[in-house]
Structure formats: structure tokens, C-alpha cells
Amino acid sequence: MIVVLATTVLGAFAAVALLLDAADTGPLSSAIPDDGRNALVIGGIALGGATGLVLPVVLFGMVKGSEETPRVGAGAAGRKLFALLAFDVYVLILAVVVAQLGWLLPWP
């Protein structure tokens with residue numbers, strides 16, 4: 001449980017740092033206005049948190065099993081990780097679109 005919580009928190013911090021770096025000096029710098037940085041931070045938290053939560057759970061499921069819960073096979077684990085990648089891309093696109101609407105949203 002501690003490993004999963006640690007990877008969730010660290011994944012969220014890492015995704016926020018990478019997305020803000022990409023928004024400041026990287027390829028997203030021209031696409032993200034200053035008003036939309038908060039939306040990008042929230043999207044980074046969702047993206048990194050979901051990845052940090054699901055990835056160790058799937059990997060633990062591949063190596064640990066019992067009679068009630070058998071191990072996850074390589075094919076099922078691959079499908080779960082592909083679904084996670086698709087979700088991450090969806091969250092990233094959603095964060096960029098919402099960041100474009102940053103001037104419209106009521107931030108204090």
C-alpha cells in the first residue's frame with residue numbers, strides 16, 4: 001500500500017513538473033496561455049496520479065497471486081497498460097483544451 005501511495009504522489013508531482021516545463025520552454029509554450037496554467041497543473045495531477053496508481057497495481061498483479069485472485073497474464077496486463085496510456089493521452093488533450101479556455105474560467 002505504501003508503494004502504491006508513494007508512486008501515486010510522485011507520479012503526480014513528476015507529471016506536473018514535466019507539463020509545466022513543457023508549457024514554459026517546451027513544445028506547449030505557444031499553445032498554453034498564462035491564464036491556463038492552472039488547468040494544466042490539474043491535468044498533470046490527474047495524469048500522474050492515475051499512472052502512479054495503476055502501474056504498480058498491474059505490476060504487482062503480474063507477480064503476486066493466490067487461489068482466489070490468480071496472477072494477471074502478460075496479455076491482460078498489456079491491455080490494461082494500453083488503456084492507461086489511452087486515458088493519459090485523453091487527460092493530456094483535455095487539459096490542453098481546458099487551458100485554452102483559461103481566460104474564460106473564473107480563477108481568483
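Quick note: structure is the one above.
Residues numbered from 1 in each chain as written. Predicted model: local features only at pLDDT ≥ 70, side-chain atom pairs only at ≥ 80, totals over all residues. Heavy atoms only, no water.

S.K.: Teacher, can you tell me more about the overall build of the chain here?
M.R.: Of regular secondary structure, the chain possesses 3 helices and 0 strands. The linear arrangement of helices and strands in the chain, starting from the amino end, is α-α-α. The globule rule puts the C-alpha radius of gyration for 108 residues at 13 Å, and the 17 Å found for the chain is more than 25% above it. With the principal axes as the frame, the chain shows a C-alpha extent of 55 × 25 × 25 Å. Taken across its 108 residues, the chain has 30% of its residues classed as buried. (Helix = DSSP H or I, 4+ residues; strand = E, 2+ residues; numbered from the N terminus. Rg over C-alpha atoms; globule rule 2.2 N^0.38 Å. Buried < 20%, exposed > 50% of the residue type's maximum accessible area, 1.4 Å probe, protein only.)

S.K.: Sorry, what's going on with the pattern of salt bridges here?
M.R.: Oppositely charged side chains can pair when the atoms bearing their charge come close. Taken as a whole and judged by the stated rule, the model has 1 salt bridge. In this structure, the salt-bridge partner of D24 is R37, at a minimum N-O distance of 2.4 Å. Of this pair, D24 sits in helix α1 (residues 2-24) while R37 is found in helix α2 (residues 37-63), placing the two residues 13 residues apart along the sequence. On the accessibility criterion, R37 (26% relative accessible area) is partly exposed. (Salt bridge = Lys/Arg side-chain N within 4 Å of Asp/Glu carboxyl O.)

S.K.: Even after reading the chapter, I still don't get the nonpolar core, so can you show me in this structure?
M.R.: One broad rule of soluble globular proteins: the nonpolar side chains tend to lie buried together. Residues L19, A22, A23, L28, I32, A39, L40, A95, V96 and A99 constitute the largest nonpolar core, which totals 10 residues. Of all the secondary structure elements, the ones that give two or more residues to this core are α1, α2 and α3 (74-100). I32 has contacts with A23, R37, L40, V96, A99 and Q100, leaving out every residue within four places of it along the chain. (Core = buried A, V, L, I, M, F, W, Y, C linked by side-chain atoms within 4.5 Å. Contact = heavy atoms within 4.5 Å.)

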